[in-house]
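# Chain and residue survey
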Amino acid sequence: MLLTFPVVALLTVENRVSVIISVLLFTIAASTDFFDGYLARKLNQVTDLGKFMDQISDKILITSLFLVFLSLGMINLWLVVVIVVRDIFVSGLRMAAASKGVVIPANYFGKAKTISQIVLIGCLYLILLTGVDFQLLLDALQWIVGVLTVASGGSYFRISGKIFEGGK
């Protein structure tokens, strides 16, 4: 979460060195997120607060980057809207579940969505660094991210429905 500001700020400078540093900081942020979760599970130190903070930090970093790439004209507005609406929707479901004493952890669809978003961000960085137009790949990745984002939101809706109906 702390690396979000420099990652984003460096992209607004618009020179190659800033983009390279932004990529490195993004890679560190994404890696620490992965290793933090891995270590927490391995050491049996998983907490409800940790699950919550992990999801929030992912959303802050990823959404901030997509907003910058949108402002640079590199991705479509519809994708950012789908991502933001899904994240707000799922966060609301998680808060409602938490009010019943239930924590809804990330699931397969949520992880697939996050991985697809990171791949798209990597492609966007590659375009910034090389200047090569990967438009066909970029369009395909945006659709993949969009579909996985919607599927992920649907899966959380299904899970929360079971919680609110009384079964877990």
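The following paragraphs examine the structure supplied in this document. Owing to the predicted nature of the structure, the values given are computational and were not obtained by experimental measurement.

## Describing the side chain of S116
As for its position among the elements, S116 is in helix α5 (residues 108-130). Classification of S116 as buried rests on a relative accessible area of 8%.

## Observations regarding the pattern of salt bridges
Throughout the structure, instances matching the rule amount to one salt bridge. For D87, the salt bridge goes to R86, with nearest N and O atoms at 2.9 Å. D87 sits in the buried class, given a relative accessible area of 7%.

## Some points on helix α6 (residues 135-164)
Residues spaced three or four apart along an α-helix point in a common direction, a consequence of the helix completing one turn every 3.6 residues. An ideal rise of 1.5 Å per residue puts 44 Å on 30 residues; α6 measures up with 43 Å between its terminal C-alpha atoms. Every buried residue of α6 is listed here: L138, L141, Q142, V145, G146, T149, S152, G153, S155, Y156, S160 and I163. Residues of α6 that are buried sit in contact with α4 (77-99) and α5.

## Describing the environment of A30
Structurally, the position occupied by A30 is in helix α2 (residues 16-42). For A30, a relative accessible area of 22% translates into the label partly exposed. As a C-alpha pair, A30 and L61 span 31 residues in sequence and 9.0 Å in three-dimensional space.

Here is what the cut-offs are and how they apply
Residues numbered from 1 in each chain as written. Predicted model: local features only at pLDDT ≥ 70, side-chain atom pairs only at ≥ 80, totals over all residues. Heavy atoms only, no water. Helix = DSSP H or I, 4+ residues; strand = E, 2+ residues; numbered from the N terminus. Buried < 20%, exposed > 50% of the residue type's maximum accessible area, 1.4 Å probe, protein only. Salt bridge = Lys/Arg side-chain N within 4 Å of Asp/Glu carboxyl O. Expected span 1.5 Å × (residues − 1). Contact = heavy atoms within 4.5 Å.

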